[in-house]
Amino acid sequence: MNIDKDTAVSLRFKVADLDGKLIEDSKTPMVYLHGGYGNTLPKIEEALAGKTTGYQTTLELQPQDAFGLRDESLVQTIPKKQFPPGIKVGGQLEGRGEDGKSIVFNVMKIKGDTVLLDGNHPLAGKALRFTLAVTDVRAASAEEIAHRHVHGEHGHHH
Ligand SMILES: [Zn+2]
């Protein structure tokens, strides 16, 4: 069947930067609900619409079409004493942005008494090359459509 609104699409993907440096390789297919549910990037949905199992493509996306531009206001330096003990580089903290939305901050650096946090997506500001291979397309169930995500193997578990 062809990829259309309310199909569950299984996809192998690789993400690299434009120099070809591999950033992520899906070892197993990811499954997403097609049709503007925000399960994957709109540009990926656009490229796959109407295609079927076996289709492969490579997309080069600018940051604004991938994980967004960097927002330097999300880079913050906070005194270390405000954190619980055991904070370390590579850790994550959840905070709130000015609009009250929850933001995941990555601990970038700890220098003396200060901690440098970055609330940007790690891939924000990067142009990325996606290599996609469709491995399966099936109709989504009514329950999946109601939940706006795919269930089952490699899908959403709850
Ligand atoms: Zn669900």
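Worth saying up front: this structure is predicted, and the values here are computed from it rather than measured.

Definitions and limits used
Residues numbered from 1 in each chain as written. Predicted model: local features only at pLDDT ≥ 70, side-chain atom pairs only at ≥ 80, totals over all residues. Heavy atoms only, no water. Helix = DSSP H or I, 4+ residues; strand = E, 2+ residues; numbered from the N terminus. Donors = N, O, S within 2.8 Å, 3.2 Å for Na, K, Ca; no water. Tetrahedral: all angles 85-135°; square planar, octahedral: opposite > 155°, others 65-115°. Pairing = 2+ DSSP bridges. Axes fitted to C-alpha atoms, helices over the stretch in contact; angles between N-to-C directions. UniProt positions renumbered as here; feature names shortened; annotations may be inferred.

**Quick word on unusual backbone geometry**
For step 1, the next point in the chain: Positive phi values are uncommon outside glycine, yet aspartate 6 reaches one of about 70°.
For step 2, the next point in the chain: In this structure, aspartate 6 sits in the segment before β1 (7–17).

**As for the coordination of the zinc ion**
For step 1, the next point in the chain: Coordination of the zinc ion by the protein comes from His147 (ND1), His149 (NE2), His151 (NE2) and His158 (NE2), over a distance range of 2.0 to 2.1 Å.
For step 2, the next point in the chain: Around the zinc ion, the 4 donor atoms are arranged such that angles at the metal cover 101 to 126°; this shape is classified as tetrahedral.
For step 3, the next point in the chain: Taken in chain order, the donor set of the zinc ion reads H-x1-H-x1-H-x6-H.

**Things to note about the sheet that holds strand β6 (residues 92–96)**
For step 1, the next point in the chain: The strand order across the open sheet formed by 4 strands is β5-β8-β7-β6, and the pairing between neighbours is antiparallel. What marks the edges here is a single partner per strand, and that holds for β5 (75–79) and β6. Sheet twist, expressed as the mean angle between neighbouring strand axes with direction ignored, is 40°.
For step 2, the next point in the chain: In the sheet, β6 pairs with strand β7 (residues 102–111) via 5 bridges, with the strands oriented antiparallel.

**Regarding the UniProt feature "domain: PPIase FKBP-type" (unreviewed entry) in the protein**
For step 1, the next point in the chain: In the numbering adopted here, UniProt assigns the feature "domain: PPIase FKBP-type" (unreviewed entry) to residues 6–79.
For step 2, the next point in the chain: Structurally, residues 6–79 comprises 9% helix and 41% strand, and the distance from its first C-alpha atom to its last is 48 Å.

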